[in-house]
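So you can see what is in the structure, the chains are spelled out below.
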Amino acid sequence: MTQPGFGANDERPLSDLARQMLATAPPASIPVPLNAVFSPVVRALARRRNKGAIAEALRHHQVDVHITDYAGSTVTELKPRNHPRTVGDDYLVYVHGGAFVVGEPVDSIAVGLTASTGLTCFSLHYGLAPATRFPTSLHQVEKAWDALTSGLSGRPVLVATSAGANLALGVLEQLLERDGAGSLLPAAVVLFSPAADLHDFDSARLVNEGLDPVVKWHGMLDKALPAYLGGHDPDDPRVSPILADFTGLTVPTLLVTAERDLLRPDVLSLARRLEQHGVPVEVDDAPGLWHAYQQVPTPETSASLERVRRFVSAQLSA
């Protein structure tokens, strides 16, 4: 298990933009109950908070966006203008994050990776809690994966963020269970701050509570996860992939986390779990930064996306 995020230059100070984010980020919280009345309000607030960063990413990168349908699954297609997709090209399949209750198919990570890799990105739509609970969201993502990979030539790269990475890991479990029957594994996997364990957080896992400016357990995830699970057992490996058996998965996998990431202990535990099962895994563990920091346009984000681009390129060239 390597850690490409650490190196000779990683002791340099954070950029001004990163320090500003740490100093001025609004409190991470869900201020109202997650029910049919208030969930749309929570999503509207999250959309407003992220709107500027997404608009800036779209302005900065030459990426075209449109919604399309693949065998009954809605996806948003992001196309790099300088690298138009042709038949047989490799492509990204992206699952957005948002604690299962917020999030949009077009976010800064999807836009940035589309531009940096030059690959068309198909960002999957799935229902949000509490209207859509486990396992429906997982089934939606699995169905969309099957629709894309059976209908497109070229090799897919599976990329996901936070809660979306939880769903992506669940899809990988399902593909392994099929034992190759009617399924296509990705050529590579990249997971940003994956939510690999949906158990109640204990003190050992909460070392970054209050240090991460965008996500916390108390008043945020402790509301979002019950809304998603609806009473389902978090010991189910499809819910908590940290408990899954990934033996037989030979897909090169990059896990991306950061020093202040609330989920960093889980990400490192997931890396050890995957390594024990023979999965070729690397960890990019960036100093000083927070959960899914690539959503914010900073020099550190550009450096992270470049590291991911090199990883993806190396796997597709192998």
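As the structure is a prediction and not an experimental result, all values here were calculated from the model.

Calculation notes
- Residue numbers run consecutively from 1 along every chain, following the written order of its sequence.
- Only residues with pLDDT of at least 70 get local features here, since the model is predicted, and only at 80 or more are side-chain atom pairs given and counted; chain-wide, interface and lining totals rely on the full set of residues.
- The side-chain quantities take in all heavy atoms of the structure and omit both hydrogens and water.
- Here a strand is any run of E in DSSP of at least two residues, a helix any run of H or I of at least four, and the numbering for each starts at the N terminus.
- Exposure categories follow from relative accessible area, calculated using a 1.4 Å probe and restricted to protein chains: below 20% of the type maximum is buried, above 50% is exposed, and the middle band is partly exposed.
- By definition, residues are in contact when any of their heavy atoms lie within 4.5 Å.
- Accessible surface area values rest on a Shrake-Rupley calculation with a 1.4 Å probe, where residue burial reflects the displayed protein chains alone.
- As used throughout, the charge tally considers Lys and Arg to be positive and Asp and Glu to be negative, leaving His and the chain termini uncounted.
- Every charge is mapped to an atom, namely NZ of Lys, CZ of Arg, CG of Asp or CD of Glu.
- We define the nonpolar core as a collection of buried residues of types Ala, Val, Leu, Ile, Met, Phe, Trp, Tyr and Cys that are connected through side-chain atoms lying within 4.5 Å of one another.
- The working definition used for a salt bridge is a side-chain nitrogen of Lys or Arg within 4 Å of a carboxyl oxygen of Asp or Glu.
- Two strands form a pair only when DSSP identifies at least two bridges running between them.
- The convention used is that axes are lines fitted to C-alpha atoms, helices contributing only their stretch in contact, and that angles between N-to-C directions extend from 0 to 180 degrees.
- Nonpolar side chains (Val, Leu, Ile, Met, Phe, Trp, Tyr) within 5 Å and like charges within 9 Å form the patches, drawn only from residues with over 30% relative accessible area and no salt bridge.
- Pairing of aromatic side chains requires ring centres within 6.5 Å, counting the rings of Phe and Tyr and the six-membered ring of Trp. Pairs whose planes differ by under 30 degrees are stacked, by over 60 edge-to-face, and all others tilted.
- Only lysine NZ and arginine CZ atoms are considered, and such an atom sits over a ring when it is within 6 Å of the ring centre and within 35 degrees of the ring normal.

Asker: Mind laying out the overall build of the protein, listing which residues take part and the relevant values?
Answerer: In terms of regular secondary structure, the protein is built from eight helices and eight strands. Seen through its C-alpha atoms, the protein measures out along the principal axes to roughly 45 × 45 × 40 Å. Each of the 318 residues in the protein was classed as buried or not, and the buried ones make up 53%. The long-range fraction of contacts in the protein, counting pairs at least 24 apart against all pairs at least 6 apart in sequence, stands at 80%. By element, 53% of the accessible surface of the protein is carried by carbon and sulfur atoms, the whole surface being about 13300 Å². Put simply, the protein has 26 plus and 35 minus side-chain charges, and the middle of one group is 7 Å from the middle of the other.

Asker: Summarise the nonpolar core; cite the residues concerned and give the values.
Answerer: Formed by 71 residues in total, the largest nonpolar core has its most connected members in V101 and L221. Each residue touching L221, except ones within four places of it in the same chain, is listed here: A99, F201, V215, K216, P226, L262 and L263. Of all hydrophobic cores here, the second largest spans 25 residues; its members include L78, Y94, A110 and L316.

Asker: Tell me about the pattern of salt bridges, and please be specific about residues and values.
Answerer: Counted according to the given criterion, the structure contains 14 salt bridges. When the shortest N-O distance is used, the salt bridge between D90 and R155 registers 2.8 Å. With D90 in the loop between β2 (73-80) and β3 (91-95) and R155 in the loop between α4 (136-151) and β5 (156-161), this residue pair connects regions lying 65 residues apart in the sequence. Residue D90 is classed as buried on the basis of its relative accessible area of 14%.

Asker: Got a sec to walk through the sheet that holds β2? Specific residues and values, please.
Answerer: Across the sheet, eight strands lie side by side as β1-β2-β4-β3-β5-β6-β7-β8; this open sheet has mixed pairing. Both edges of this open sheet fall to β1 (63-70) and β8 (281-286), since each of them pairs with a single strand only. Direction aside, the axes of adjacent strands within the sheet are offset by 20° on average. Direction of pairing for β3 relative to β5: parallel, over a ladder of five bridges. Its bridge partner being in β5, V95 is matched across the sheet by A160. Across the sheet, α4 touches β1, β2, β3, β4 (120-124) and β5, and the angle it forms with β3 is around 170°. Where helix α5 (residues 163-178) meets the sheet, it contacts β3, β5 and β6 (188-192), and its direction lies at approximately 140° from that of β5.

Asker: With reference to specific residues and values, describe unusual backbone geometry.
Answerer: With an omega of 5°, the peptide bond running from A129 to P130 counts as cis. Following the sequence through the fold, P130 ends up in the loop between β4 and α4. Its identity is not glycine, yet A99 carries a phi of approximately 60°, on the positive side. Considering the arrangement of structural elements, one finds A99 in the loop between β3 and α3 (108-117). We classify A99 as buried; its relative accessible area is 14%. Its identity is not glycine, yet F100 carries a phi of approximately 70°, on the positive side. Looking at the element boundaries, F100 is found in the loop between β3 and α3.

Asker: I'd like to hear about a nonpolar patch on the surface, residue by residue, with values.
Answerer: Taken together, the side chains of V37, F38, V41 and L45 present a nonpolar region at the surface, about 330 Å² in accessible area. Summarising the element assignment, L45 is placed in helix α2 (residues 39-60). The partly exposed category is assigned to L45, whose relative accessible area is 42%.

Asker: Break down the packing of aromatic side chains for me, with residues and values.
Answerer: Taken as a whole, this structure holds six aromatic pairs when the rule is applied. Their ring planes at 85° and their centres at 5.7 Å tell us that Y91 and F122 sit as a pair that is edge-to-face. Taken together, the positions of Y91 in strand β3 and F122 in strand β4 put the pair 31 residues apart, joining distant regions of the chain. Note on Y91: relative accessible area 0%, which makes it buried. Given a relative accessible area of 0%, F122 falls into the buried group. Taken together through their ring pairs, the aromatic side chains of Y70, Y91 and F122 make up a single cluster. Residue placement shows R205 over the ring face of F201; its charged tip is 4.1 Å from the ring centre.

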